[in-house]
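Chains, contacts and geometry: an overview
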Amino acid sequence: MSSRTISRVTAAHTELEAGEGATVPQWQLIGGFLIIYVVWGSTYLAIKWGVQSIPPFAMASMRFLIAGSALFAFTRWRGAPAPTRLQWRDSAIVGALLLFVGNGAVSWASQRVSSGLSSVLVATVPLWLVLCEAWQGKRPRVMQVVGVLVGLVGVGLLVLPSSRAAAGASGGAVDPLGAAALTLGSLSWTVGSLYSRSSNQARPAALAIAMQMLTGGVLLGLLALVTGDWGRLHPSTVTLNSALSLLYLITFGSLIGFSTYMWLLKVASPAAVGTYAYVNPLVAVLLGVALGGERLPATAYLAMAIIVGGVALVSVVDARRRR
């Protein structure tokens with residue numbers, strides 16, 4: 001990880017924060033959504049490769065501790081003020097909900113359930129977002145709810161055939177503990193995303209994100225200690241594929257992807273940002289075809305069209321509401 005990468009992350013946040021409260025240029029929004037769509041879609045494969053020789057909680061802890069430490073040190077070196085105790089508290093809450101529970105559940109469940117099922121359950125985030133906003137008193141538009149449901153139907157058509165094939169190949173049913181963990185992780189991610197919008201976060205945004213990664217990484221490290229993950233981690237058994245996957249998750253999944261996601265929560269509605277869950281499975285399937293030698297089901301083409309339609313519907317409704 002180079003200082004140039006960290007510098008670009010912090011510089012981007014400085015530029016974007018200067019425009020908070022003003023109209024965000026369309027090219028910045030498009031770029032931000034492309035990052036969370038494509039980069040996070042690729043992390044499914046990276047996590048799968050990573051946990052092949054690195055215990056899941058230990059891998060997740062190293063990912064966020066390394067990324068958070070580098071970003072925190074660089075941001076403070078650039079002159080960011082020391083965070084207050086209240087800001088540490090709120091960052092710890094966000095880090096616990098998003099990274100400790102949310103990402104930790106995905107890392108652990110990757111050992112027990114297929115990537116297709118993981119995508120389906122993680123794709124419930126937009127639905128949770130709309131329901132949580134409704135519980136907060138913000139009534140969603142009818143077409144916004146329809147868009148969420150349409151997107152979920154598309155995700156189901158895209159990944160369920162591969163999930164059934166995977167279950168048939170293994171001769172077993174879907175692991176209930178893995179499915180429950182992913183559902184809990186999706187709900188926790190949703191609550192954390194909403195809480196982050198009104199919490200007292202440090203400035204610049206890069207410092208707050210570093211604090212969230214540090215607190216999430218510490219909690220994951222403690223959990224890895226309790227579960228024995230650290231004892232099962234032996235450098236001699238870590239494959240090059242897993243090591244490179246961890247490096248990719250640190251740089252692209254955390255420093256770039258997570259930072260972009262947190263910024264988008266400030267400038268777009270949670271329902272619109274949550275549409276990444278529709279596109280991520282599509283990206284994951286395409287990468288499986290290109291890198292894993294998997295065959296794309298015939299229904300995937302219809303599913304892709306439905307996913308794009310659901311994303312467009314939610315985005316258009318959100319844009320009209322903002323205007």
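See the structure shown above.
Heads up: these notes are all about the structure in this document. (Residues numbered from 1 in each chain as written. Predicted model: local features only at pLDDT ≥ 70, side-chain atom pairs only at ≥ 80, totals over all residues. Heavy atoms only, no water.)

**A short note on the overall build of the protein**
Put simply, the rule reads: Only DSSP runs of H or I with at least four residues qualify as helices, and only runs of E with at least two residues qualify as strands; both kinds are numbered from the N terminus onward. The classification of residues rests on relative accessible area computed with a 1.4 Å probe and restricted to protein chains. Under 20% of the type maximum is buried, over 50% is exposed, and intermediate values are partly exposed. What makes two residues a contact is simply this: any of their non-hydrogen atoms within 4.5 Å. Working definition of accessibility: Shrake-Rupley area with a 1.4 Å probe, residue cover restricted to the visible protein chains.
Counting secondary structure elements, the protein contains 14 helices and zero strands. The secondary structure elements of the protein, listed N-terminal to C-terminal, are α-α-α-α-α-α-α-α-α-α-α-α-α-α. Each of the 323 residues in the protein was classed as buried or not, and the buried ones make up 51%. Nonlocal contacts in the protein, meaning residues at least 24 apart in sequence, comprise 92% of its contacts between residues at least 6 apart. Taken as a whole, the protein presents about 14600 Å² of accessible surface, with 67% of it coming from carbon and sulfur.

**Re the side chain of Arg63**
Among the secondary structure elements, Arg63 is positioned in helix α3 (residues 56–77). Arg63 has contacts with Ile47, Asn103, Leu246, Leu249, Ile250, Gly253 and Ser254, leaving out every residue within four places of it along the chain.

**Thoughts on unusual backbone geometry**
Here the bond from Arg203 into Pro204 is cis, since omega is 0 degrees, no more than 30 degrees from zero. Along the polypeptide, Pro204 turns up in the loop between α8 (176–198) and α9 (205–227).

**Section: empty space enclosed by the protein**
Filter applied, for reference: Only protein atoms enter the 1 Å grid used here, on which a cavity is any set of points holding a 1.4 Å probe that cannot leave and a pocket is any open set flanked by protein within 12 Å on both sides along at least five of seven lines; residues with an atom within 4 Å of a point are listed as lining. Grid points are joined across faces, edges and corners, and a volume is the space filled by probe spheres set on the points. The nonpolar class holds Ala, Val, Leu, Ile, Met, Phe, Trp, Tyr, Cys and Pro. Asp, Glu, Lys and Arg form the charged class, and all remaining residues, Gly among them, are polar.
Overall, the coordinates contain one cavity of 30 Å³ or more when judged by the stated rule. Roughly 310 Å³ of internal volume is contained in the largest cavity. Taken together, 21 residues form the lining of the largest cavity, with Trp40, Asn103, Val106, Val122 and Trp189 sitting closest to its centre. Secondary structure elements with two or more residues in the lining of the largest cavity: α2 (26–50), α3, α4 (85–109), α8, α11 (240–267) and α13 (276–292). The class makeup of the residues in the lining of the largest cavity is 12 nonpolar, eight polar and one charged.

**A look at the nonpolar core**
To be explicit about the condition: Definition of nonpolar core: a set of buried residues of the types Ala, Val, Leu, Ile, Met, Phe, Trp, Tyr and Cys, connected through side-chain atoms within 4.5 Å.
If you look at the biggest cluster of nonpolar residues, it comprises 78 residues, and the most contacted ones within it are Ile36, Trp189, Met213, Phe258, Tyr261, Tyr276 and Tyr278. Among the elements that line this core, the one with the most residues is α11, at 11 residues.

**Topic: the environment of Ala284**
Within the secondary structure, Ala284 sits in helix α13. Owing to a relative accessible area of 21%, Ala284 belongs among the partly exposed residues under this scheme. Taking C-alpha positions, Ala284 is 5.8 Å from Ser42, a pair spaced 242 residues apart along the chain. Apart from the residues lying within four places of it in its own chain, the contact partners of Ala284 are Gly41 and Tyr44.

**Let's talk about the packing of aromatic side chains**
What characterises a pair of aromatic rings is the spacing of the ring centres plus the angle enclosed by the ring planes. Operational definition: In this analysis, rings of Phe, Tyr and Trp, with Trp reduced to its six-membered ring, are considered paired at centre separations within 6.5 Å, and the interplanar angle assigns stacked below 30 degrees, edge-to-face beyond 60, and tilted for intermediate values.
As enumerated under the stated definition, the model contains 10 aromatic pairs in all. Ring geometry for Trp189 and Phe258: centres 6.3 Å apart, planes at 70 degrees, overall edge-to-face. Of this pair, Trp189 sits in helix α8 while Phe258 sits in helix α11, and the two are 69 residues apart along the sequence. For the pair formed by Trp189 and Phe258, the shared burial category is buried. An angle of 25 degrees between the planes, with centres 5.0 Å apart, marks the rings of Tyr248 and Phe252 as stacked. Of the two residues, Tyr248 and Phe252 both sit in helix α11, four residues apart, roughly one turn of that helix. Members of the aromatic cluster, each reached through a chain of ring pairs, are Trp40, Trp189, Phe258, Tyr261 and Tyr276.

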